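As a plain string of letters, each chain reads:
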Amino acid sequence: MFNKNNYLQNYRCALVAFAAWLLMSPLAPQVLAGEAVTIGSKRFTESYILGEILTQRMQKDAGASVTHKQGLGNTAILFAALKSGAIDVYPDYTGTLAFELLGLKAVPPLPELNAALAAHGLAVSAPLGFGNSYALAMTAEQAAAVGVANISDLSKHVNLRFGLSAEFLNRKDGWPALRAAYGLAAQPVGLDHGLAYEAIKGGRIDVMDVYTTDAKLGRYGLKVLADDRAFFPPYEAVLVYRTDLPSRAPAAFRAVQAMAGGISAVAMMRMNAAAELDGQPFAQVAADFVGGVQTAATAQTRPGVLERLFAADFWRLTLEHCVLVFAALALSVGVGVPLGVWAARSRTARPWILGVTGVLQTIPALALLAFLIAALGRIGMVPAVVALFLYGLLPIVRNTEAGLAGVTGGMRRAGQALGLRDGAVMQLIELPLALPSVLAGVKISAVINVGTATIAAFIGAGGYGERIVAGLAVNDHAMMLAGAIPAAVLALAIQGTFEAAERRLHSPVSTL
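Residues numbered from 1 in each chain as written. Predicted model: local features only at pLDDT ≥ 70, side-chain atom pairs only at ≥ 80, totals over all residues. Heavy atoms only, no water.

### Some words on the packing of aromatic side chains
Following the criterion strictly, the structure yields 12 aromatic pairs and no others. For the ring pair Y134 and Y211, a centre distance of 5.3 Å and an interplane angle of 45° mean the geometry is tilted. One end of the pair, Y134, is in strand β5 (residues 134–139); the other, Y211, is in strand β8 (residues 207–211), with 77 residues separating them in the sequence. Geometrically, the ring pair formed by F162 and W175 is tilted, given 5.6 Å between the ring centres and 50° between the ring planes. With F162 in strand β6 (residues 162–164) and W175 in helix α8 (residues 175–182), the pair connects residues that are 13 residues apart, well separated along the chain. With respect to class, F162 is no different from W175; both count as buried. (Phe/Tyr/Trp six-rings, centres within 6.5 Å; stacked < 30°, edge-to-face > 60°. Helix = DSSP H or I, 4+ residues; strand = E, 2+ residues; numbered from the N terminus. Buried < 20%, exposed > 50% of the residue type's maximum accessible area, 1.4 Å probe, protein only.)

### Quick look at helix α19 (residues 381–391)
With 10 of 11 residues buried, α19 is to be regarded as a mostly interior element. Within the sequence span of α19, burial applies to M381, V382, P383, A384, V385, A387, L388, F389, L390 and Y391.

### Focus on the packing of helix α13 (residues 265–276) against helix α14 (residues 282–290)
One way to put it is that α13 packs onto α14 with a least axis distance of 9 Å and a crossing angle of 145°. Taken as a pair, α13 and α14 cross one another with a handedness that is right-handed. Taking contact as the criterion, the partners of A267, M271, A274 and A275 in α13 are, on α14, F282, V285 and F289. When grouped by side-chain class, the residues that make up the contact of α13 with α14 number seven nonpolar, no polar and no charged. (Axes fitted to C-alpha atoms, helices over the stretch in contact; angles between N-to-C directions. Left-handed = near helix turned anticlockwise from the far one by under 90°. Contact = heavy atoms within 4.5 Å. Nonpolar A, V, L, I, M, F, W, Y, C, P; charged D, E, K, R; others polar.)

### Focus on the nonpolar core
The tendency in soluble globular proteins is for nonpolar side chains to be buried side by side. In terms of nonpolar packing, the biggest core is built from 132 residues, with M58, L136, L154 and I263 touching the most fellow members. It is helix α16 (residues 314–345) that contributes the most residues to this core, 10 residues altogether. In contact with L136, other than residues within four places in its own chain, are I151, L154, F162, L164, F168, L178, V207, M208, D209, K223, V224 and L225. Counting 12 residues, the second-largest nonpolar core is a separate cluster that includes A135, A196, I205 and L222. (Core = buried A, V, L, I, M, F, W, Y, C linked by side-chain atoms within 4.5 Å.)

### As for the pattern of salt bridges
A full pass over the atoms with the stated rule returns 13 salt bridges. Residue R316 pairs with E466 through a salt bridge whose shortest N-O separation is 2.8 Å. Placement of R316 in helix α16 and of E466 in helix α23 (residues 465–474) is noted, with a sequence separation of 150 residues between them. For E466, a relative accessible area of 29% translates into the label partly exposed. Through salt bridges with shared partners, a single network forms among D88, R242, D244 and R248. (Salt bridge = Lys/Arg side-chain N within 4 Å of Asp/Glu carboxyl O.)

### Thoughts on the packing of helix α2 (residues 45–62) against helix α12 (residues 250–258)
Contact geometry for α2 and α12: axes closest at 9 Å, N-to-C directions at 125°. One finds that α2 runs oblique with respect to α12. Crossing angle aside, the handedness with which α2 passes α12 is right-handed. For the pair α2 and α12, contact is made by L54, R57, M58 and A62 and by A251, A252, A255, V256 and A258, respectively. (Parallel < 35°, antiparallel > 145°, perpendicular 65-115°, else oblique.)

### Topic: the side chain of N449
Here N449 shows up in helix α22 (residues 422–452). With relative accessibility at 0%, the residue N449 sits in the buried group. With near-sequence residues (within four places) excluded, N449 lies in contact with V325, A328, L329, L388 and G392.

### Re α14
For α14, every residue scored as buried is listed here: F282, V285, A286, D288, F289 and V290. Packed against the buried residues of α14 are α2, α13 and α23.

### Quick look at the pairing of strand β2 (residues 65–69)
Pairing geometry for strand β1 (residues 36–40) and β2, over five bridges, is parallel. Along β2, the bridge assignment pairs T38 with T67. Assessed by its sense of winding, the connection that carries the chain from β1 through α2 to β2 is right-handed. (Pairing = 2+ DSSP bridges. Right-handed = clockwise from strand over helix to strand, strands pointing away.)

### Thoughts on the sheet that holds β5
Taken together, the five strands give an open sheet; going across it, the order is β7-β6-β8-β5-β9, and neighbouring strands pair in mixed fashion. Looking at strand neighbours, the two that pair on one side only are β7 (189–190) and β9 (222–224), the edges of this open sheet. Most of the contacts of helix α9 (residues 193–201) go to β8, to which it runs at about 135°, and overall it touches β5, β8 and β9.

### Describing unusual backbone geometry
Even without glycine at this site, A230 takes up a positive phi of about 50°. When you line up the elements, A230 lands in the loop between β9 and β10 (237–242). Overall, A230 belongs to the exposed group, its relative accessible area being 62%.

### Some remarks on the confidence of the model for the protein
Looking at the protein as a whole, its pLDDT mean stands at 85, while 88% of the residues score no less than 70. Every residue in residues 1–5 is under pLDDT 50, and counting partners more than four places away or in other chains gives four contacts. Segment residues 295–299: pLDDT under 50, and 10 contacts once partners within four positions in sequence are set aside and those in other chains are kept. (pLDDT = per-residue confidence, 0-100.)

### A few points about the environment of V325
For V325, the position within the fold is in helix α16. Given a relative accessible area of 0%, V325 falls into the buried group. Leaving out residues up to four positions away in the same chain, V325 has contacts with A446, N449, V450, A453 and I494.

What follows is the structure, encoded as structure tokens:
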């Protein structure tokens, strides 16, 4: 006989045990002996390389235990992670800090910038030695053909197609202010920065936003349009760090200070080219710089899809992706099924439960991740699992409610006639009859989670998304496929497993 109390007790114990395992597993951040520092970087080539240089400098010069959380989404996610203590330092630019994060009207001198950041418990290093500003660019051939040399010339050509990065489209010092300053009427489309180069090369767009140290400017024959109204502020590269870093990890902080003025614009462009054009790994490019090795200028043959697919990190990424998917699924089932039962039993609660779980799915993934980083005070596995759990609720809740609604009143009355209480009727009659619908909802949630879990790479939780994000940064199609293919195979395997379970559930043997 099914015992409801024992079931609930075992369920609670299982959840507690799972949470303890998740927090203590080797996939969670660890506090190691000695000076432990976590470095973050954004998801574009230059940030990856600067993060790797700092990582290797700290390891070599300070003997610190360093974790580099690569490709952590946009500026807002990095800033939230830094303020919460989830990371200790990351590379950024003075213009971004002043306009995008602090809401200032101009880029102040470094002491004033540090005074403004002090309110957040943050500070910046001395400039690294180069600047990297935003700009607009066209192919040199097309710019000459239509007579465009300056940004102001674009206002005379309303038919030009703009493809701009998502962050530039929404930055306070980006497209909205630039459009107003130059009176531009274009309606740009959003494109990943790496993919925009392929789009402009293929003639699918005419104008794109670029960084002035981009390695592909020369390779793709692009002309940087003159900022004739001096719209773009200076973007000096700096390291943003928590103000407790000098006292908590003094040797590692000396490595931060040692990077001041040590990277020229020419050296940075050369390193960007080595990664983006020559196919060198970020870590190797950084190692050459830290070791004083001149970065090779000759192109290398990039590894193919199969070589990328079964690289040394394959099993680590597979484990991380499976933990993300199945941990979130377990939580979604544990919460979603009871919520579905409640929605089926209560006409008052039903619209609220279905409405809230529906709204959760409409929240943009990066916005939800940024909120969870701030709320939980950490990056990595835990906020990623929580986000996937929330996204996975709706199919389970809706299918549980629909399955129970399909159970006829006659079946309930038959159970009551046998002397069963309402709880026993639910457990022994209604839920078993609704099981096919519930299982279908769990299947949908699981398959969706496999794809959605790739966003976890934006907050350092790993998984197959790590390859996809890194591939986007350097437009490496083999790397992107090496992340997308195993994710698709995992989704198909999960769907096949659930469909086999559904067939068994409906087979004549299972009904005897």
